[in-house]
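Residues per chain, in single letters:
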Amino acid sequence: MLLKMIRCDVAAERREAFATGQQAWSAVAERPGFLGQAGGWTERQACLASWWTDWAAYSGFRKELHDHLLARSGHGLACDRIEVSYWEAVPEEQVDRRGSSDVREAPGLLQVELLELAPGCLP
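Below: a short report on this structure.

Rules behind the numbers
Residue numbers run consecutively from 1 along every chain, following the written order of its sequence. Totals for whole chains, interfaces and linings use every residue, but because this is a predicted model, local features are given only for residues with pLDDT of at least 70 and side-chain atom pairs only at 80 or more, for both listing and counting. Heavy atoms from the whole structure form the basis of all side-chain values; hydrogens and water molecules are not counted. Note on conventions: DSSP H or I runs of at least 4 residues are helices, E runs of at least 2 residues are strands, and numbering of each starts at the N terminus. The definition of a polar contact used here is a pair of N or O atoms within 3.5 Å, where within protein one atom must be able to donate a hydrogen and the other to accept one, and adjacent residues in sequence count solely through side-chain atom pairs. Contact definition: two residues touch when any of their heavy atoms are within 4.5 Å. Exposure categories follow from relative accessible area, calculated using a 1.4 Å probe and restricted to protein chains: below 20% of the type maximum is buried, above 50% is exposed, and the middle band is partly exposed.

Focus: the side chain of His66
Within the secondary structure layout, His66 lies in helix 2 (residues 55-73). Among the polar contacts made by the side chain of His66, one reaches the side chain of Arg62 at a distance of 3.3 Å. With sequence-adjacent residues up to four places away left out, His66 is seen in contact with Lys4, Trp25 and Phe61.

What follows is the structure, given as structure tokens:
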């Protein structure tokens with residue numbers, strides 16, 4: 001799995017335009033390999049995350065649709081700065097759940113575990 005994290009510096013007077021432009025990205029939902037997205041705001045930034053099955057699916061999106069959606073959204077004009085980072089899942093056989101790891105020993109890593117709850121269970 002591939003996680004793409006995007007942080008955009010957006011001035012207060014352009015936040016509404018940025019939020020409206022975000023609707024253009026709904027077309028991503030139809031792309032093969034797209035798993036989902038989430039986002040929100042900090043004081044100065046729009047923070048967005050999208051999940052893809054793998055690099056191949058994401059690369060196909062970049063090649064075929066990304067630039068068109070970026071132009072439609074107007075985000076290039078609404079943002080003062082955009083920072084993008086990518087994170088890949090570790091293969092299951094490399095995960096050791098017998099103890100907790102000290103994150104200080106692995107800088108640059110983000111541990112996220114997806115859990116599927118039984119119907120009716122509260123998170």
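Remarks on the side chain of Ser50
Along the polypeptide, Ser50 turns up in strand 3 (residues 45-52). Residue class for Ser50 comes out buried when judged on its relative accessible area of 9%. Reaching out from Ser50, the side chain makes a polar contact with the side chain of Trp52 at a distance of 3.3 Å. Sequence-distant contacts of Ser50, that is, excluding residues within four places in its chain, are made with Leu2, Leu3, Lys4, Phe34, Gly36 and Gln37.

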